[in-house]
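Spelled out, the chains give:
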Amino acid sequence: MAYDAQEFCLRGTPICRGIAVGRLYFFDRKEGVVPDITLSPHDVEKDVIRFREALNNSKRDIKHLQSQLESEGALEAVVILDSQLIMLEDPLLTTNIEVTIRETKKNAESVFRAAIRKYQEKFDAISDPFFRDRFKDIQDISRRVMEYLNKGARVSLHDIPPGSIVFAPDFTPSEMAETKSIAVGAIVTEVGGTTSHTGIVAIAKGIPYVANVSFELIDFSQEYVVIVDGRKGEIILNPTVKTIEKYERLKIHLQSQMKGLERLCTLSAETIDGYQVRLSANIEMSHQIDLVHRYGGHGVGLFRSEYIFFPKNVIPSEEEQYRIYKRIVDRMKGRSLVIRVFDLGGDKAVPGYSMLKEGNPFLGCRAIRFLLREKEILKTQLRAVIRAGIGAPVSVLFPMVSTMTEFLEVKKIVRDTEEEFGISPKKGIRIGCMIEVPSAAIIADHLAKECDFLSIGTNDLVQYSLAIDRGNQYMASRYDPTNPSILRLIKLITSEGDQGQIPVTLCGEIAADPRFTMLLLGLGVQELSVAPRYIPIIKHAIRNTSILEAVDLAERALCSATSQEVMDLISGAYKRNVPEDYLYNC
Ligand code: PEP
Ligand code: MG
């Protein structure tokens, strides 16, 4: 079905907000046939050398890409490619392949392809989308190495005409990294997600990106003009002149808005009426700390420590962990750092451990439950954190607490571990409790007496309260943080935090959506922790909020019966207070 005459619209998942107008370009990389050859004895060593050269050339390409990304300021993307460089040193991809070429006398391409397939089988067995997504990095490396082994297969992004809107079934992280933001207007793919490395690179580079778009209705032989609205996840094909003009204007407004926000980095996160908010960052990798400093974050409100398993996929020893945490502490330059212990288990396979076969892994042996079962992993991590944190403002945070008993148990383990180092409980590390399960919210009064701070993880709190799997694409429209039940739980937690005189942070994704800022402050949240990139936009929202108005808005939202009423209230207030925000006022 060809839609070459009329404007029509497709929808997908918005990954990187932003607007682009351009011509459609379909990026199709043909995989090519991989030859399978038995080598003559004197060709075997030649193939080993050919393979080594392909690896070295791939490493050189990646390093070159990294310096290009660094000059563009896309630091998160540099880190992602670091993990690819480490994978290229993995014996599975280096010595093992050389040994196999020698043993089997098969050509490098076919041995390499077989190794990648083995990797794929391992990753296919993992159900967690984040961990499964890491396979994309391996595919990315594999494609690059294969292109060097099999020169005819190289497909270049440089052939894409400048300003194109690139449609591709999928896009790898390094392809996204190679993409020049001035040359490619936007990316549209059939698959992908916000936690994917490709998504993180797109956000780091500021390239509008919409994923999960069905290509079924597109006739790729047509020369479509396309508008991508990465704010809403909308793709408009064959737009009218009027529509194009509207989006061109929006694009200009957006560019000047972004420039304007940069000047906020040195200003404080303070409301119109002088209420100081702590605005911190959620980080997964140590390089992101540079962004926390650049954007003027108070500190790190959530370090998701399980990310240190990548890219090697093994649990580091105490000494290795100590070095990782110490490097992070030093990079923080005296700013506060909250290290969340490993949020693992359930469907997140732990390297070297045989996981339980569970029917409902998200309701199973996850996070604190897993660590209490595998106490040596917890104790090793705690020893490393405690040692790295001596003399620095470091706190430890426990995810997915659902009962007082389990919290008291981990608290005792922390204090016992400190005793090993001669640290008295009075001088002990600050201990935080994540509130991600409704039962924990309901007993927040008891928990508040036993911990130093509470941290609300709304990503999970919404999942467990509404009984909606946060990764279920079919239920995505029902996964709704504006549900009044969630607001009531947040209010309950902040009130109990107040009573217990301990601070309450919110570190779920809603903290990074400026439409929620006023509501969250009004509900009594004192600290917001967001991905570093979002610090300026949330600071801007805070600086346009009056705390009195925020409390009034929260009271009205708490009386609402439906999510729609809450959304109308918060969007309306946001439009009135921050009318010039073209990213979120859509
Ligand atoms: C949360 O659940 O809100 C949270 C911040 O933790 P994560 O997203 O890592 O589960
Ligand atoms: Mg969580």
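Criteria and cut-off values
Residues numbered from 1 in each chain as written. Chains lettered and ligands numbered in written order. Predicted model: local features only at pLDDT ≥ 70, side-chain atom pairs only at ≥ 80, totals over all residues. Heavy atoms only, no water. Helix = DSSP H or I, 4+ residues; strand = E, 2+ residues; numbered from the N terminus. Rg over C-alpha atoms; globule rule 2.2 N^0.38 Å. Buried < 20%, exposed > 50% of the residue type's maximum accessible area, 1.4 Å probe, protein only. Contact = heavy atoms within 4.5 Å. Lys, Arg positive; Asp, Glu negative; His and termini not counted. Charge placed at Lys NZ, Arg CZ, Asp CG, Glu CD. Near = heavy atom within 4 Å. Polar contact = N/O pair within 3.5 Å; in protein donor to acceptor, adjacent residues only side chain to side chain. Areas by Shrake-Rupley, 256 points an atom, 1.4 Å probe, with all protein chains shown as cover. Donors = N, O, S within 2.8 Å, 3.2 Å for Na, K, Ca; no water. Axes fitted to C-alpha atoms, helices over the stretch in contact; angles between N-to-C directions. Parallel < 35°, antiparallel > 145°, perpendicular 65-115°, else oblique. Left-handed = near helix turned anticlockwise from the far one by under 90°. Nonpolar A, V, L, I, M, F, W, Y, C, P; charged D, E, K, R; others polar. Domains from an automatic or database assignment. Salt bridge = Lys/Arg side-chain N within 4 Å of Asp/Glu carboxyl O. Arc of directions from axis to C-beta. Core = buried A, V, L, I, M, F, W, Y, C linked by side-chain atoms within 4.5 Å.

### As for the overall build of the protein
Regarding its fold elements, the protein presents 22 helices and 16 strands. Its C-alpha atoms give the protein a radius of gyration of 25 Å, within 12% of the compact-globule value 25 Å for 586 residues. Considered along the principal axes of its C-alpha atoms, the protein spans approximately 75 × 65 × 45 Å. A burial count over the protein gives 55% of its 586 residues as buried. Here the contacts in the protein between residues at least 6 apart in sequence split such that 70% fall between residues at least 24 apart. Counting 73 positive and 78 negative side-chain charges, the protein places the centres of these two groups 2 Å from one another.

### Quick look at the site of ligand 1
Around ligand 1, the surrounding shell holds 14 residues, and the nearest of these are Arg304, Glu436, Gly457, Asn459 and Arg470. For ligand 1, an oxygen atom lies 3.1 Å from a polar atom in the backbone of Thr458. In isolation ligand 1 has 290 Å² of accessible area, and contact with the protein removes 96% of it. Listed by contribution, the elements that provide at least two residues to the shell around ligand 1 are strand 10 (299–304) and helix 17 (458–466). Element by element, the count of residues in the shell around ligand 1 is highest for helix 17, at three residues.

### Describing the coordination of the magnesium ion (ligand 2)
Surrounding the magnesium ion (ligand 2) are the protein donor atoms Glu436 (OE) and Asp460 (OD), which sit 2.0 to 2.1 Å from the metal. Residue Glu436 is located in the loop between strand 13 (430–435) and helix 15 (438–442), and its partner Asp460 is located in helix 17; the two are separated by 24 residues in the primary sequence.

### Thoughts on the packing of helix 13 (residues 375–389) against helix 14 (residues 404–420)
Direction vectors running N to C along helix 13 and helix 14 enclose 50 degrees, while the axes themselves pass 10 Å from each other. Relative to helix 14, the element helix 13 is oriented oblique. Along this stretch, helix 13 crosses helix 14, giving a crossing that reads as right-handed. Side by side, helix 13 and helix 14 meet where Lys375, Leu378, Lys379, Leu382, Arg383 and Ile386 of the first sit next to Glu409, Val410, Ile413, Val414, Thr417, Glu418 and Glu420 of the second. Residue composition of the contact of helix 13 with helix 14, by class: six nonpolar, one polar and six charged.

### Examining the domain arrangement of the protein
Here the protein is described as being made up of domain 1 (8–30 + 156–243), domain 2 (41–149) and domain 3 (276–577). Placing a centre on the C-alpha atoms of domain 1 and another on those of domain 3 gives a separation of 33 Å.

### A closer look at the environment of Asp416
With respect to the helices and strands, Asp416 occurs in helix 14. Judged by its relative accessible area of 35%, Asp416 falls in the partly exposed class. Each C-alpha atom of the pair Asp416 and Lys379 lies 9.7 Å from the other, and the pair is 37 residues apart in sequence.

### So, the pattern of salt bridges
Inspection of every chain in the model, using the stated rule, returns 28 salt bridges. In this structure, Glu234 engages Arg11 in a salt bridge whose closest nitrogen and oxygen atoms are separated by 2.8 Å. Of this pair, Glu234 sits in strand 8 (residues 234–237) while Arg11 sits in strand 1 (residues 8–11); the two residues are 223 residues apart in sequence, bridging distant segments of the chain. Judged by its relative accessible area of 10%, Glu234 is buried. Note on Arg11: relative accessible area 57%, which makes it exposed. Here Arg50 and Asp47 are joined by a salt bridge, their closest N and O atoms 3.0 Å apart. Of this pair, Arg50 and Asp47 both sit in helix 1 (residues 41–71), separated by three residues, roughly a single helical turn.

### Let's talk about helix 3 (residues 95–104)
Looking at helix 3, one finds that the buried residues are Ile97, Glu98 and Ile101. On an axial view of helix 3, the arc spanned by its buried residues comes to 100 degrees, and they lie on one face. Among the structural elements, helix 1 and helix 4 (108–124) are those in contact with the buried residues of helix 3. Where helix 3 ends, the next residue or the one after it, Lys105, has phi of about 60 degrees, a positive value.

### A few points about the environment of Arg143
Relative to the elements of secondary structure, Arg143 occurs in helix 6 (residues 135–149). Of the residues examined, Arg143 reaches a relative accessible area of 17% and is grouped as buried. Measuring from C-alpha to C-alpha, the distance between Arg143 and Thr172 comes to 9.6 Å, with 29 residues separating the pair along the chain.

### Regarding the nonpolar core
Counting residues in hydrophobic clusters, the biggest one holds 109 residues, and the most contacted among them are Tyr325, Phe398, Leu519 and Leu528. Here this core spans two domains, since at least three of its residues come from each of domain 1 (8–30 + 156–243) and domain 3 (276–577). Excluding anything up to four places from it in sequence, Leu528 contacts Arg278, Leu279, Ser280, Leu506, Ala511, Thr517, Leu520, Leu521, Ile538 and Ile542. Judged by nonpolar contacts, the second largest core, of 55 residues, contains Ala74, Leu85, Leu93 and Leu149.

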